[in-house]
Amino acid sequence: NSADDEDRLRQHVVVTFGRLTTRLRVDERFHPDGDEIGFRIRPLIRYNHPLGDKGFALFATHESFFMANTTRWGQRAGYDRMRNTAGVTIPIAKGMSGDLGYLNQYRFARNGGRAQMDHALSFQLTFAIGVAVLAALHQLADAIGYGWTALAGGLVLLIAGAVAGAIAVAAKWL
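Residues numbered from 1 in each chain as written. Predicted model: local features only at pLDDT ≥ 70, side-chain atom pairs only at ≥ 80, totals over all residues. Heavy atoms only, no water.

## Concerning a nonpolar patch on the surface
Here's step 1: On the surface, Ile92, Met96, Leu100, Leu121, Phe123, Leu125, Phe127, Leu155, Leu158, Ile159, Val163 and Ile167 cluster together into a nonpolar patch covering about 1,100 Å² of accessible area.
Here's step 2: For the nonpolar patch, the secondary-structure elements that each account for two or more residues are strand S6 (96-107), strand S7 (116-127) and helix H2 (146-173).
Here's step 3: Checked against the element boundaries, Val163 lands in helix H2.
Here's step 4: Taking relative accessible area as the criterion, Val163 reaches 39% and is therefore assigned partly exposed. (Patch = residues over 30% accessible without salt bridge, like charges linked within 9 Å, V, L, I, M, F, W, Y side chains within 5 Å. Areas by Shrake-Rupley, 256 points an atom, 1.4 Å probe, with all protein chains shown as cover. Salt bridge = Lys/Arg side-chain N within 4 Å of Asp/Glu carboxyl O. Helix = DSSP H or I, 4+ residues; strand = E, 2+ residues; numbered from the N terminus. Buried < 20%, exposed > 50% of the residue type's maximum accessible area, 1.4 Å probe, protein only.)

If you want it as structure tokens, here you go:
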């Protein structure tokens, strides 16, 4: 892939079944050298194994990258890569945890190129923005009633999304 400076939109759905979590993500990739949109499908599966009752856990994940189409700017349709991670979840504060682990990424040999294996130390910070949203909605219901809160709920979710987006952008540049 020759895409070195692209913009992306993404949507995903996360479903949890006990210790098993799955996520289906779809990326729309926009490259400045082309007018085509590259579509990428990224299913992920994660297993969590709790270590006691303090919030520590071992985890293992697998994520595949399927390119749904070919573009003139460099994306090639097909199975592109897989990422596997193993590590430990560390509780940091109420509603906040960190995942520290080893990430292995394998890019398959495609279109005459050679396969590539990457190894990385991975850290992911997770915080429960949903708790803050629920608290804000509860305070609104106490202050203005449930009917008005239902109407204002969209605004609260919009603000929560903006906060999450700002944090994601800040994290990218830190």
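## Let's talk about the packing of aromatic side chains
Here's step 1: Under the definition given, this model contains 3 aromatic pairs.
Here's step 2: Relative to Tyr79, the ring of Phe66 has its centre 4.7 Å away and its plane inclined at 20°; by these criteria the two rings are stacked. Here Phe66, found in strand S4 (residues 57-67), pairs with Tyr79, found in strand S5 (residues 78-93); they are 13 residues apart in sequence, far enough to count as distant.
Here's step 3: Given the relative accessible area of 32%, Phe66 is considered partly exposed.
Here's step 4: A cation over a ring is seen here: Arg46 above Phe59, with NZ or CZ 4.1 Å from the ring centre.
Here's step 5: Lying across the ring of Phe65, Arg81 places its NZ or CZ 4.8 Å from the centre. (Phe/Tyr/Trp six-rings, centres within 6.5 Å; stacked < 30°, edge-to-face > 60°. Lys NZ or Arg CZ within 6 Å of the ring centre and 35° of its normal.)

## Notes on the side chain of Thr85
Here's step 1: Along the chain, Thr85 falls in strand S5.
Here's step 2: If sequence neighbours within four positions are ignored, Thr85 has contacts with Phe59, Ala60, Thr61, Tyr102 and Leu103. (Contact = heavy atoms within 4.5 Å.)

## Observations concerning the pairing of strand S3 (residues 37-50)
Here's step 1: Relative to S3, strand S2 (residues 20-30) is paired through 11 bridges, and the arrangement is antiparallel. By the bridge assignment, Asp27 is partnered in S3 with Arg40.
Here's step 2: Here S2 folds back onto S3 in antiparallel fashion, the turn holding 6 residues.
Here's step 3: Linking S3 to S4, which pair antiparallel, is a turn of 6 residues; within it Gly52 sits at a positive phi near 80°. (Pairing = 2+ DSSP bridges.)

## Some remarks on the pattern of salt bridges
Any two side chains of opposite charge can pair, on the condition that their charged atoms come close.
Here's step 1: What the rule picks out here adds up to 13 salt bridges.
Here's step 2: Between Arg23 and Glu63 there is a salt bridge; the shortest N-O distance is 2.5 Å. Of this pair, Arg23 sits in strand S2 while Glu63 sits in strand S4, placing them 40 residues apart in sequence.
Here's step 3: Residue classification places Arg23 among the buried residues on the basis of a relative accessible area of 13%.
Here's step 4: Judged by its relative accessible area of 6%, Glu63 is buried.
Here's step 5: The partner of Arg42 in a salt bridge is Glu63, with the nearest N and O atoms 2.8 Å apart. With Arg42 in strand S3 and Glu63 in strand S4, this residue pair connects regions lying 21 residues apart in the sequence.

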